[in-house]
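Now for the letters of each chain:
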Amino acid sequence: MAQTTPNHTQTVAGWAAHDSSGKITPYIFKRRENGINDVTIKVMYCGICHTDLHHVKNDWGITMYPVVPGHEITGMITKVGSNVKNFKVGDRVGVGCSAASCLECEFCKDSQENYCDQIQFTYNGIFWDGSITYGGYSEMLVADHRYVVHVPDNLPMDAAAPLLCAGITVFTPMKDSNLLESPGKKIGVVGLGGLGHVAIKFGKAFGHHVTVISTSPSKEKEAKERLGADDFIVSTDPKQMQAGKRTLDFIVDTVSAKHSLGPLLELLKVNGTLSMVGAPDKPVELPSFPLIFGKRNVKGSIIGSMKETQEMMDVCGKHNITCNIEVIKPNQINEALDRLARNDVRYRFVIDIAGGSSSANL
């Protein structure tokens, strides 16, 4: 394992955390030469995901410092390898969480490479050449074309960036539950943050009745008036939770804090499904009775395949779905991470990489 290998000859300016304080500072590092299967991308925008916060602070105990975060990346292609046929210089593209997989297992061959047990991520992963991957908090990226998607022309590059993680994370469980082509269902969205606000937009675009389930009564007006939700349940209000029992066909749970699934399961109809996409660092409570007495399902989902990610981007282009964002400059990353830790963002920070200066004081 090495930070770089001999083919890493391109000097790049970026922003990295060097220890568990999580403080981001300017960082000069090397990227590989553009290979025959690669595209080189001038990074324009990069979203700030909750995963970035966990990694810079080593909350999960897996961070390899220095870490250059960022897996919600949009930019323009500046170079293409000789084997690349589906991209050309000047294309508007996106890179999400995946950087490499084995390409040989049953999941890779079935366009489910996000479940390959050798999946490597866009940052804090180990690429095929043995180097550590560095993410989108940088001015340029080299990516294997198989892990790159086209961004529809009608979508703004800044508000499209978080779709590469937040968007695909909630799109895939909806697709898996046949919600894309069967309108008229009642779905619940637990947690109104970066993932939850996109889930509402998808739910409405697919023709469903959407209920937001949140601990924050103050979010009801925005959920309904700005994002288009039909109903709102305050999960700490026993009367509202009781009134909502057995009303929902499907729930996507985006909450990353420890919580009990029992009360949420009671909101599902018989045979209903709860899909978990949040990643609490402590085990959640899963009582047996709501499962047994309602024949309910609890399942997980992680991002999506590249095929699904392109499908999701195309759907967003068709329905004009983007994320509600707050654009920041690179010298505001630390402030943004602090605010994200307090849930003080509506609903995703996006770094203006191309507009910022690599010599910015952090």
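Quick notes on the rules
- Residues numbered from 1 in each chain as written.
- Predicted model: local features only at pLDDT ≥ 70, side-chain atom pairs only at ≥ 80, totals over all residues.
- Heavy atoms only, no water.
- UniProt positions renumbered as here; feature names shortened; annotations may be inferred.
- Phe/Tyr/Trp six-rings, centres within 6.5 Å; stacked < 30°, edge-to-face > 60°.
- Buried < 20%, exposed > 50% of the residue type's maximum accessible area, 1.4 Å probe, protein only.
- Helix = DSSP H or I, 4+ residues; strand = E, 2+ residues; numbered from the N terminus.
- Lys NZ or Arg CZ within 6 Å of the ring centre and 35° of its normal.
- Axes fitted to C-alpha atoms, helices over the stretch in contact; angles between N-to-C directions.
- Parallel < 35°, antiparallel > 145°, perpendicular 65-115°, else oblique.
- Contact = heavy atoms within 4.5 Å.
- Nonpolar A, V, L, I, M, F, W, Y, C, P; charged D, E, K, R; others polar.

Under an unreviewed UniProt entry, the name given to the protein is Enoyl reductase (ER) domain-containing protein, and the organism recorded is Xanthoceras sorbifolium. The UniProt entry for the protein carries the following comment under Cofactor (unreviewed entry): "Zn(2+)". Per its UniProt entry, the protein bears the Sequence similarities (unreviewed entry) comment "Belongs to the zinc-containing alcohol dehydrogenase family."

Engineer: Could you clarify how one ought to interpret the packing of aromatic side chains in this entry?
Structural biologist: For the structure on display, the rule yields nine aromatic pairs. Seen in terms of ring centroids, tyrosine 27 and phenylalanine 29 are 5.5 Å apart; in terms of plane orientation they differ by 15°. Their pairing is stacked. Relative accessible area serves as the criterion here: at 15%, tyrosine 27 is assigned to the buried category. When the ring of tryptophan 128 is compared with that of tyrosine 147, the centres are 6.2 Å apart and the planes differ by 65°; the resulting orientation is edge-to-face. Placement of the pair is tryptophan 128 in the loop between β7 (120–121) and β8 (140–144) and tyrosine 147 in the loop between β8 and β9 (149–150), with a sequence separation of 19 residues. Of the residues examined, tyrosine 147 reaches a relative accessible area of 2% and is grouped as buried. The ring of phenylalanine 127 is capped by arginine 32, whose NZ or CZ atom sits 4.1 Å from the centre of that ring.

Engineer: I keep staring at the packing of helix α4 (residues 166–176) against helix α10 (residues 306–319) and nothing clicks. Help me out?
Structural biologist: Helices that pack against each other are described as a pair by the angle of their axes relative to one another and the distance between those axes. Look at α4 against α10: their axes get within 10 Å of each other, and the N-to-C directions meet at 100°. The pairing of α4 with α10 is recorded here as roughly perpendicular in orientation. Within the contact between the two elements, α4 uses Gly167, Ile168, Phe171, Thr172, Lys175 and Asp176 and α10 uses Glu308, Thr309, Glu311, Met312 and Val315. Its residues assigned to classes, the contact of α4 with α10 comprises four nonpolar, three polar and four charged.

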